[in-house]
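# Residue-level structure breakdown
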Amino acid sequence: MAKTVTVQPSYESPVLKANHSPNQKLLKCNEKNDFAEDLFGKLPDEILVSIVSLLTLKEAARTSVLSRRWRYLWTFTTGSLDFDDSLLLWLMEYRKVIKSYSEESDRFVRWVNEVLKLHRGPTIDEFKVCFSVNEKHFKLDIENWIIFSLRKKVKRLVLDLAHTRESIRVIRQYTLTDQFLRSYHLDSLTTLCLNSVQVTGEVLEYVLSNCPFLEVLHVEATESLVNLKPSGPLLKLKHLEIIHCFKLENFEISALNLVSFKYYGHVARILLGDVPNIVEASYSLAYACSLVTNCSQIPSYLFQVETLSLDLSLRLFEDTPRFPIFRNLRQLTLTLVASGVEPLRCCTSVLEASPFLHRFVVKLTYVDGPAGELKVLKVEHPHKFLSLFELRGFLGCTIDMELALYILSNAVSLQKIIIDTRDPYAEDMFWDERDPRLKEWGTARARELATRVPPWVELMLL
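Residue numbering note: each chain is counted from 1, following its sequence as written. Residue-level local features of this predicted model are given only where pLDDT is at least 70; pairs of side-chain atoms are given and counted only at 80 or more, and the full residue set underlies all totals for whole chains, interfaces and linings. Side-chain figures throughout are based on the complete set of non-hydrogen atoms in the structure, without hydrogens or water.

### Some thoughts on the overall build of the protein chain
Each helix and strand in the protein chain was counted, giving 13 helices and 20 strands. A 1.4 Å probe rolled over the protein chains alone gives each residue an accessible area, and that area as a share of the maximum for its type sets the label: buried under 20%, exposed over 50%, partly exposed in between. For the protein chain, with 462 residues in total, the buried portion stands at 47%. Contact between two residues is taken to exist if any of their heavy atoms lie within 4.5 Å; hydrogens are not considered. Relative to all contacts within the protein chain whose residues are 6 or more apart in sequence, the contacts with residues 24 or more apart total 66%. Note on areas: Shrake-Rupley with a 1.4 Å probe; residue coverage comes only from the protein chains shown. With the model as given, the accessible surface of the protein chain reaches about 24000 Å², and the carbon-plus-sulfur share is 53%. Numbering goes from the N terminus for both helices and strands, where a helix is a DSSP run of H or I of at least four residues and a strand is a run of E of at least two.

### Concerning the pairing of strand β16 (residues 331-338)
Buried residues dominate β16, accounting for 7 of its 8 residues. One requirement defines pairing of two strands: DSSP has to find at least two bridges between them. The sheet contact formed by strand β15 (residues 307-311) and β16 spans 5 bridges and is parallel. Across the sheet, residue Thr307 finds its bridge partner in β16, namely Gln331.

### Points about helix α12 (residues 398-410)
To estimate how far a helix should extend, the number of its residues minus one is multiplied by 1.5 Å. Over its 13 residues, α12 extends 18 Å from the first C-alpha to the last, a length consistent with the 18 Å expected when each residue adds 1.5 Å. The buried fraction of α12 amounts to 12 of the 13 residues, a majority that puts the element mostly inside the structure. Of the positions making up α12, those classed as buried are Thr398, Ile399, Asp400, Met401, Glu402, Leu403, Ala404, Leu405, Tyr406, Ile407, Leu408 and Asn410.

### Here we look at the nonpolar core
Residues enter a nonpolar core if they are buried and are Ala, Val, Leu, Ile, Met, Phe, Trp, Tyr or Cys, with the set joined through side-chain atoms within 4.5 Å. Among the nonpolar cores identified, the biggest contains 120 residues, and Phe127, Trp145, Phe261, Tyr283, Leu302, Leu334 and Phe360 are the most heavily contacted of them. Looking at this core, the element that brings in the most residues is α12, giving 8 residues. Once you skip the residues sitting within four places of it in the chain, Leu334 turns out to touch Leu310, Leu312, Cys346, Cys347, Val350, Phe360, Val361, Val362 and Lys363.

### Re the sheet that holds strand β9 (residues 227-228)
What the 3 strands build is an open sheet, ordered β9-β11-β13; its pairing is parallel. Either end of the sheet is taken by a strand with one partner, and the two such strands are β9 and β13 (269-272). Across 2 bridges, the pairing between β9 and strand β11 (residues 250-253) is parallel. Bridge assignment links Asn227 to a residue of β11, and that residue is Asn250.

### Some words on the environment of Ser188
Examined against the element boundaries, Ser188 turns out to sit in the loop between α8 (178-181) and β6 (191-195). Judged by its relative accessible area of 17%, Ser188 falls in the buried class. Distance from Ser188 to Asn210, taken between C-alpha atoms, is 9.8 Å for residues 22 residues apart in sequence.

### Side note on the environment of Cys289
Within the secondary structure, Cys289 is located in helix α10 (residues 285-293). Sequence spacing of Cys289 and Arg315 is 26 residues, and the spatial spacing of their C-alpha atoms is 7.5 Å.

### Some remarks on the environment of Phe148
When you line up the elements, Phe148 lands in helix α7 (residues 135-151). You can call Phe148 buried: its relative accessible area is 13%. Spatially, the C-alpha atom of Phe148 lies 9.9 Å from that of Ile124, the residues being 24 residues apart in sequence. Setting aside anything within four residues of it in sequence, one finds Phe148 in contact with Leu81, Leu116, His119, Ile124 and Phe127.

### Let's talk about the pattern of salt bridges
Within this document, salt bridges are pairs made up of a side-chain nitrogen of Lys or Arg and a carboxyl oxygen of Asp or Glu, the two lying within 4 Å of each other. The final tally for this structure, using the stated rule, is 13 salt bridges. Put simply, Arg182 and Asp178 hold a salt bridge, and the shortest N to O gap is 3.3 Å. Residue Asp178 is classed as buried on the basis of its relative accessible area of 15%. Residue Glu390 pairs with Arg392 through a salt bridge whose shortest N-O separation is 2.8 Å. Across the pair, Arg392 and Glu390 agree in class, each one buried.

Below is the structure:
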């Protein structure tokens, strides 16, 4: 039987807590503070500012209580100004925390504006805003944030104004125009992330032509993006992500140093020109499904990638997909609808087409039916290089059990198998939304599976 590792939350022993009295803790705390004061008191302000710049915004602000000298040091930070209140948005959307969107937006905007008024640093590495902000009431504030960051020669600019299903009814998205940007220099930018910001292809083309050092571009949830075709090659661009831009029809770029590409959206005309360095690609929604149903039209650059992710949960396939051979593929993630025999057929087909695959992750978005009689499929040519298999969304029904047993029977070099009973999208959320009773059932079935795992294979349960 294999060695089984169950990951559980860590905790502090009550016995250890009882052995430390409040007086002992206070004494040790005072000793540490005295030592820190002596140590840092000898350093010049420039060194202290460089240390504070390594902290998050909230951590840096907390240093103001250390002493009179530290009171305003944090305002000179040149690191990250990260205004991320996305957890509150998530709580309001999914946990039904009763809050007023207008009141919370007012509070958030005041917080950002107050910090910016206090900031004295000459530059900043990152400016990040993550909250639902209405252009109708706060357009001037949003533009002042952009102006502030560009004047501070920001390297990484993140405007994540994502809206929830409730707030979208009353909130109008901010529109970024090239007329506004023409008044400022963009040459310091290395990363630009725009989420729920209306931006056209013309604006993005202006940005790309005026950001000679841009390495990362992320555009998400804009209905204004229809066509994007930069006039020249993008020599510095390494990572490109186009997410949920459902009006996109035509997209064409040439990026010699592009390393990764991510596209989640409808079927569109997507042409990546000369991309000799691309090693990672990720697709979702209708476009991902179109690649699988029309394998003969798979773009040539996909045959050179080493890491590939395909979210095929949008549809069921009547026929087993027939994939071409991916000889360079080393890591693969598939998201599937767990219905009937489709997941197993799809997995066997893609594994046969990936002879040198090392890591295989399968996410099952829905498991159809209870546990039944298990059948173990053996293939003529076993998978010689697969060493790690991860199954997310595991419930222990026939579908996911047979998939796990298939891997155990046909991956002759398998070293580790991870069975994750959480929601398959748990990593993208603040915590797992799956019914605890389903997780308990899945965990019990995973322990049954452990009896069929060879002793040289490590089984990890999450």
